Amino acid sequence: MISPRYHREKPQRYRLEAGKCDACGEVHFPPRKVCRKCFTEDFTTVNLPRRGKVVTYTTIWIPPAQFESMKPYVVAIVELENGVRLTAMVAEAPPDEVKIGTEVEIIFRRMQTDPVWEVLQYGYKARVIPT
Ligand SMILES: [Zn+2]
């Protein structure tokens, strides 16, 4: 089932859009209505940098049914070049390729095929940058 939240977040999923507070400059991803630092409600939409580093990660051995074919896979918290952190599945990498500090870039990939609606859902994932 595709949640209403999924549709609401579509632009940011496709373009990695974040909200930068006009008052204090804090960058929120996903965007928020009110700044968590200064409570201002005025934001400018900014695109996040694509590159970042793995802060921490975990390997998923027993995934939910829709991700069964991808196991085992790594889910990482990535800190982007501007300090914003996001959680992303690491695509196309065996678990032993991902370490704390591994450089990654954010890419767009098919996340899952909804079994009921047969809709392909796309979202962002992280990919290891070859060294
Ligand atoms: Zn603010």
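Residues numbered from 1 in each chain as written. Predicted model: local features only at pLDDT ≥ 70, side-chain atom pairs only at ≥ 80, totals over all residues. Heavy atoms only, no water.

A. Focus on the overall build of the protein chain. Each helix and strand in the protein chain was counted, giving two helices and eight strands. Burial status across the protein chain gives 36% buried among its 131 residues. Element-wise, carbon and sulfur atoms account for 52% of the exposed surface of the protein chain, whose accessible area totals about 8,200 Å². (Helix = DSSP H or I, 4+ residues; strand = E, 2+ residues; numbered from the N terminus. Buried < 20%, exposed > 50% of the residue type's maximum accessible area, 1.4 Å probe, protein only. Areas by Shrake-Rupley, 256 points an atom, 1.4 Å probe, with all protein chains shown as cover.)

B. View of the coordination of the zinc ion. Bound to the zinc ion on the protein side are Cys21 (SG), Cys24 (SG), Cys35 (SG) and Cys38 (SG), at distances that span 2.3 Å. Because the angles between the four donor atoms bound to the zinc ion fall within 103 to 115°, the donor set is best described as tetrahedral. Sequence positions of the residues that donate to the zinc ion give the spacing C-x2-C-x10-C-x2-C. According to the relative accessible area criterion, Cys21 is buried, its value standing at 3%. (Donors = N, O, S within 2.8 Å, 3.2 Å for Na, K, Ca; no water. Tetrahedral: all angles 85-135°; square planar, octahedral: opposite > 155°, others 65-115°.)

C. A look at the pairing of strand S6 (residues 85–91). Among the seven residues that make up S6, five are buried, leaving the element largely enclosed by the rest of the structure. With six bridges connecting them, strand S5 (residues 73–80) and S6 associate as antiparallel partners. Looking at S6, one finds that Ala76 is bridged to Ala88. (Pairing = 2+ DSSP bridges.)

D. Just the packing of aromatic side chains, in detail. Taken as a whole and judged by the stated rule, the model has two aromatic pairs. Measuring from centroid to centroid gives 6.0 Å for Phe29 and Tyr124, while their planes differ by 55°, and the two rings are tilted. Of the two residues, Phe29 is situated in the loop between strand S2 (27–28) and strand S3 (43–47) and Tyr124 in strand S8 (residues 120–128); the sequence distance between them amounts to 95 residues. This pair shows no difference in class: Phe29 is buried, exactly as Tyr124 is. On the basis of an interplanar angle of 75° and a centroid distance of 6.1 Å, the ring pair of Phe67 and Tyr73 is categorised as edge-to-face. Residues Phe67 and Tyr73 agree in their burial class; the two are buried. (Phe/Tyr/Trp six-rings, centres within 6.5 Å; stacked < 30°, edge-to-face > 60°.)

E. Spatial organisation of the sheet that holds S2. If you trace the three strands from one edge of the open sheet to the other, you get S2-S1-S3, paired in antiparallel fashion. With partners counted over all chains shown, the strands left at the sheet margins are S2 and S3, one partner each. As defined by bridge partners, strand S1 (residues 17–21) adjoins S2 across two bridges and the pair is classed as antiparallel. Residue pairing for S2: Gly19 is matched across the bridge by His28.

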